[in-house]
Amino acid sequence: MESMTAASRPLLDIPGTVAALRASFDAGTTLGIDGRLEALAALRRGIVAERSALERALAEDLGKSTQEATVTEIGVVLAEIDHMRRHLRSWLRPGRFGLGAVLAPGSGHVLREPLGTVLVIAPWNYPVNLALSPLVGAIAGGNTALLAPSELAPATSAALARLAARHLDPAWIRVVEGGVEEKTALLAERFDLIFYTGGGRVGRLVAHAAAEHLTPTVLELGGKSPVFVDEGVDLARAARRIVWGKFTNAGQTCTAPDHLMATPATLAALLPHLRAAIEEMYGPDPRTCEEYGRIVGEAQLDRLAGLLDGATAAIGGVDGIDRAARHIPPTVLVDVSFDDPVMDEEIFGPILPLLAVSGPLEAVDRIRAGAKPLTAYVFSDDPRTRRLFATRTSSGSLALGLTLAHVGAVSMPFGGVGESGHGAYHGRASLEAFTHAKPVVSKPLVPDTLRLVYPPVSALRRRL
Ligand code: NAD
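Residues numbered from 1 in each chain as written. Predicted model: local features only at pLDDT ≥ 70, side-chain atom pairs only at ≥ 80, totals over all residues.

S.K.: Residues and numbers for the UniProt feature "active site" (unreviewed entry) in the protein, please.
M.R.: The residues that UniProt annotates with the feature "active site" (unreviewed entry) are E220. Within the element layout of this structure, E220 appears in strand 7 (residues 217–220). Apart from residues no more than four positions distant in its own chain, E220 is found in contact with Y196, T197, G415, G416 and G421. (UniProt positions renumbered as here; feature names shortened; annotations may be inferred. Helix = DSSP H or I, 4+ residues; strand = E, 2+ residues; numbered from the N terminus. Contact = placed C-beta atoms within 7 Å.)

S.K.: Run through the UniProt feature "domain: Aldehyde dehydrogenase" (unreviewed entry) in the protein, naming residues and quoting values.
M.R.: UniProt feature "domain: Aldehyde dehydrogenase" (unreviewed entry): in the numbering of this structure it lies at residues 18–439. Helix makes up 43% of residues 18–439 and strand 18%, with an end-to-end C-alpha separation of 29 Å.

S.K.: With reference to specific residues and values, describe helix 1 (residues 14–26).
M.R.: Given a rise of 1.5 Å per residue, 13 residues ought to cover 18 Å, and the 18 Å separating the end C-alpha atoms of helix 1 matches this to within 8%. I14, V18, L21 and F25 are the residues of helix 1 that are buried. For helix 1, the arc enclosing every buried residue in end-on projection is 60°, short of the 170-degree limit, so these residues lie on one face. Set apart from the buried face of helix 1 by more than 90 degrees, the exposed residues are P15, G16 and D26. Where helix 1 is buried, its residues meet strand 3 (117–121), strand 4 (144–148), strand 5 (173–175) and helix 7 (180–188). Positive backbone phi, approximately 85°, marks G28, located one or two places after helix 1. (Expected span 1.5 Å × (residues − 1). Buried ≥ 20, exposed ≤ 12 C-beta atoms within 10 Å, placed from the backbone. Arc of directions from axis to C-beta.)

S.K.: Would you mind going over the site of the ligand in detail, with residue names and values included?
M.R.: In the vicinity of the ligand there are 29 residues, among which K183, G198, G199, G222 and C254 approach most closely. Those elements that provide at least two residues to the shell around the ligand are helix 7 and helix 8 (200–212). The greatest single-element share of the shell around the ligand, amounting to four residues, is contributed by helix 7. Here the shell around the ligand is composed, by residue class, of 15 nonpolar, ten polar and four charged. (Near = placed C-beta within 6 Å. Nonpolar A, V, L, I, M, F, W, Y, C, P; charged D, E, K, R; others polar.)

As structure tokens, this is what we get:
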């Protein structure tokens, strides 16, 4: 049978789908904690049952190896589910709060109430992780959720839709596949939260659409995440961490090191270590390496190839591109200036420009002069330099001595700031993102101490 193209696929009844999710939320389907724990367990069982299908889809869409699929996609989601299931009850326990004299005797606690029906829009680059991890928060928070995967990872989108149809309760979760047309129709609906991961251009469209209904948003966007390598660090080890973070998923990672700054002497000393680390991980010919990913599509390949025009590649470069295989080799650019096209926008591919700075102070100035990045990476043995970056630069997160792996820390919040987004998730932060912290205050009618604040106020004035 001929596969359905986006043009031939009938548009789903999107208003009806949203209405069905809202009706089941209103019926209280997702309210109980036992039910939420069971829904999370069902999601876990579904992922395990469909694991091979998800791995195949990731290989088809992005050339992801099973190692990468485990480390950066499926394993992360399973860890997120397990962490949430372990802690959900205690995180939902209403804390007690002291109230002032006027409210005594009385009591106050905070109820984390579900928001309602939420929309999760996912990107193509980690199409399993970035679809299902937010869903963990949505379920844990007691919401019904509509998941909209990216059309640019079509095999994974279809695999997620199958997973949902086979293993998840449609009263809780529905998947709507499709591209701009479907997303636009979805954004016309009213949701109680929109959780969007992707680029800033569409992020702005999402924010506009959300404003129509005063819907809150979590925007997980991107940016140019810088790396600074200080003098004196162990360059062989630093190079391995930078290479892994940069070239995982062929650089198509929101938190990938975008560009690297160091003094000219450190750059010169680092380059052979970068070369060695690339060869160690991806072999002498990365094109034939199963561990090395592919570029998602033609348009992205053209954009990245354009960035190599006129640039000087010390490693990789334009000659290594294999269009048919959607392959761009791990590439390191030298003699780059801050005005070059490669510094205009997030690279989002396997190209690492090296830029000379006079030292940490200039690197900090350069970061401050640009949009706030999703992550800043610093390799330095000097505590003053680490503190300098911590206090004088702003970024979604700061990683000292590592790249990328911090995103997998399910116990820590993850999110952007400024142009790299707003709101955070993972672990407890996910529960917070997908619930409203409702203060509940109660006070007996007797004794009527509130009389203190009723007019006339002379009694209170005498007390203050
Ligand atoms: P993408 O093209 O897959 O778009 C993301 C989502 O937006 C998709 O579901 C897509 O269908 C939808 N979309 C596209 N056009 C739309 C429109 N006109 N109206 C409504 N929806 C629309 O992904 P992308 O934007 O190319 O993703 C790459 C960007 O995402 C990079 O900037 C990257 O840094 C960022 N990113 C951020 C994170 C994070 O966690 N902060 C994670 C991954 C990617």
